[in-house]
Amino acid sequence: QSALTQPASVSGSPGQSISISCTGTSSDVGGYNYVSWYQQHPGKAPKLMIYDVNNRPSGVSDRFSGSKSGNTASLTISGLRAEDEADYYCSSYTISATCVFGGGTKLTVL
Amino acid sequence: EVQLLQSGAEVKKPGESLKISCKGSGYSFTTYWIGWVRQMPGKGLEWMGIIYPGDSDTRYSPSFQGQVTISADTSITTAYLQWSSLKASDTAMYYCARRVPARDHFDYWGQGTLVTVSS
């Protein structure tokens, strides 16, 4: 199974909104509503930000939202803040009953 | 409080065996899957496999099938990731994480175990 496709990097200024895409196939992203997003700061363990395409765990800011259309999922961060600067990874359930991650996107807050 | 506590960093030589651990606490260990995720230096996350401690059902990514073994001991609420013969390319940070039943996301993560394989 191939990794899901994410842009290597995105950037935005404080207060702006950005979106990160995550493209797979009908065997993963397009076939299931089990897309998750994780935030990872340098030297830290990943943190769950979005699950089941568009659900936020308790404690995650409502500035984070998720969506999906066809084989592409997206993470949107609104009201960008300096602390949002991190790596972001999407993941999806697959037809093989396993999971696959995206390659990761480095978010820079200008 | 849910916690996943991983064993400490390891330095090994190529060809050696290794077993790292992940101890779960604060929840019903047998009713949540535990997964393992690799992160090579400067690289992204890679899903390795998962185990359901309740019945030892185990699934591996094709990339890791046959390369590692995932197991669990419910008596001490601990999951394991092991190698029989390490390679330099196994050098990485390894995370364990709890997978929510009937879902496919990891809601709690361990702190990571750094494995260094060098001659």
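Preceding this section is the structure that the text describes.
Residues numbered from 1 in each chain as written. Chains lettered and ligands numbered in written order. Predicted model: local features only at pLDDT ≥ 70, side-chain atom pairs only at ≥ 80, totals over all residues. Heavy atoms only, no water.

(A) Local environment of the interface of chain A and chain B. The interface is formed by 20 residues belonging to chain A together with 21 residues belonging to chain B. The largest share of the area that chain A buries against chain B comes from P46(A), C99(A) and F101(A), three residues that together contribute 28% of it. Viewed at the interface, chain B and chain A are joined by 1 salt bridge. Two residues, R103(B) and D52(A), come together in a salt bridge whose shortest N-O distance is 2.5 Å. There are 8 residue pairs in polar contact (both at pLDDT 80 or more) connecting chain A and chain B. Class assignment for the residues of the side of chain A that touches chain B results in 11 nonpolar, 7 polar and 2 charged. (Contact = heavy atoms within 4.5 Å. Buried area = accessible area lost by both parts, 1.4 Å probe. Salt bridge = Lys/Arg side-chain N within 4 Å of Asp/Glu carboxyl O. Polar contact = N/O pair within 3.5 Å; in protein donor to acceptor, adjacent residues only side chain to side chain. Nonpolar A, V, L, I, M, F, W, Y, C, P; charged D, E, K, R; others polar.)

(B) Seen up close, the sheet that holds strand β5 (residues 64–69) of chain A. All names here are of chain A. With respect to topology, 3 strands assemble into an open sheet ordered β2-β6-β5, the strand pairing being antiparallel. The open sheet is flanked by β2 (18–23) and β5, the only strands paired with a single partner. Recorded for the sheet is a direction-independent mean angle of 20 degrees between the axes of neighbouring strands. As paired strands, β2 and strand β6 (residues 72–77) are joined by 6 bridges and run antiparallel to one another. Bridging from a neighbouring strand, I18 pairs with I77 of β6. (Pairing = 2+ DSSP bridges. Helix = DSSP H or I, 4+ residues; strand = E, 2+ residues; numbered from the N terminus. Axes fitted to C-alpha atoms, helices over the stretch in contact; angles between N-to-C directions.)

(C) Quick peek at unusual backbone geometry. Residues and elements named next belong to chain B. Backbone geometry places T77, a non-glycine residue, at a positive phi of 45 degrees. Relative to the assigned elements, T77 resides in the loop between β7 (69–73) and β8 (78–83). One non-glycine residue, A102, adopts positive backbone phi at about 60 degrees. Among the residues examined, A102 registers a relative accessible area of 61% and is labelled exposed. (Buried < 20%, exposed > 50% of the residue type's maximum accessible area, 1.4 Å probe, protein only.)

(D) Molecular detail of the nonpolar core. Counting 24 residues, the largest nonpolar core has I20(B), I34(B), W36(B), L81(B), W83(B) and Y94(B) as its most contacted members. Of all elements in the fold, only β3 (18–25), β4 (33–39), β5 (45–52), β8, β9 (92–99) and β11 (113–117) of chain B reach the threshold of two or more residues within this core. If we skip the residues at most four places from it in the chain, I20(B) touches S7(B), E10(B), W36(B), A79(B), Y80(B), L81(B), W83(B), Y94(B), T113(B) and V115(B). Counting residues in each nonpolar core, the second largest holds 23 residues, with L4(A), V35(A), L80(A) and V100(A) among its members. (Core = buried A, V, L, I, M, F, W, Y, C linked by side-chain atoms within 4.5 Å.)

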